[in-house]
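Coordinate inspection notes
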Amino acid sequence: MKRSDVSRTLQVQFKNMRASDAMLMLNAVIDEMIYAIANGDRIEIRGFGTFQPRMRATKTGYNPSTGETMYLPAGRTILFKPSRELTKKMNG
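Residues numbered from 1 in each chain as written. Predicted model: local features only at pLDDT ≥ 70, side-chain atom pairs only at ≥ 80, totals over all residues. Heavy atoms only, no water.

Section: the packing of aromatic side chains
So the rule is basically this: Here a Phe, Tyr or Trp ring, Trp counted by its six-membered ring, pairs with any other such ring whose centre lies within 6.5 Å, and the pair is stacked when the planes are under 30 degrees apart, edge-to-face when over 60, and tilted otherwise. The helix count covers DSSP runs of H or I at least four residues long, the strand count covers runs of E at least two residues long, and both are numbered beginning at the N terminus.
Summed over all chains, the structure comprises three aromatic pairs. Consider the rings of Phe48 and Phe51, whose centres lie 6.4 Å apart with planes at 35°: the pair is tilted. An angle of 45° between the planes, with centres 5.4 Å apart, marks the rings of Phe48 and Phe80 as tilted. You can see Phe48 sitting in the loop between strand E1 (43–45) and strand E2 (49–56) and its partner Phe80 sitting in strand E5 (residues 75–82), a full 32 residues away along the chain. Each residue in the set Phe48, Phe51 and Phe80 is aromatic and connected to the rest through ring pairs, giving one cluster.

Next comes the structure, spelled out in structure tokens:
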């Protein structure tokens, strides 16, 4: 599902909403989510799941084509944990 699909669904759900307003609303929500994750906050969407920033430790990896070992620096990543309801719907 793309951003335009979600915007179109909002527009269908709320009959009087223009396409541009639906896109502005969606962009505002996404921007707030990005801002919160970037600041280290946890986002919980009931019935969907949680997004949580995590620190990834430094580790030593290897280049598969040459076999040479290389250093992989620490970094930040996002952990998504689906809710029980979403997991149940996915599994039938």
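Some details on the layout of surface pockets
This is how the line gets drawn: The pocket and cavity definitions rest on a 1 Å grid over protein atoms only: a 1.4 Å probe that fits but cannot leave marks a cavity, an open set with protein on both sides within 12 Å along at least five of seven lines marks a pocket, and residues lining either have an atom within 4 Å of a point. Grid points are joined across faces, edges and corners, and a volume is the space filled by probe spheres set on the points. Lys, Arg, Asp and Glu make up the charged group, whereas Ala, Val, Leu, Ile, Met, Phe, Trp, Tyr, Cys and Pro make up the nonpolar group; the residues left over, Gly among them, are polar.
Considered as a void within the structure, the largest pocket measures approximately 240 Å³ in volume. Lining the largest pocket, in full, are Leu10, Met25, Leu26, Val29, Ile30, Met33, Ile45, Phe48 and Phe51. Broken down by element, the lining of the largest pocket gets its largest block of residues, five residues, from helix H2 (residues 19–38). There is about 210 Å³ of room inside the second largest pocket. Looking at the second largest pocket, the residues that line it are Arg42, Glu44, Ile45, Arg46, Gly47, Gly49, Thr50, Lys81, Pro82, Ser83, Arg84 and Glu85. For the lining of the second largest pocket, the elements supplying multiple residues, two or more each, are E1, E2, E5 and helix H3 (84–90). Here the residues of the lining of the second largest pocket are counted per class, giving two nonpolar, four polar and six charged.

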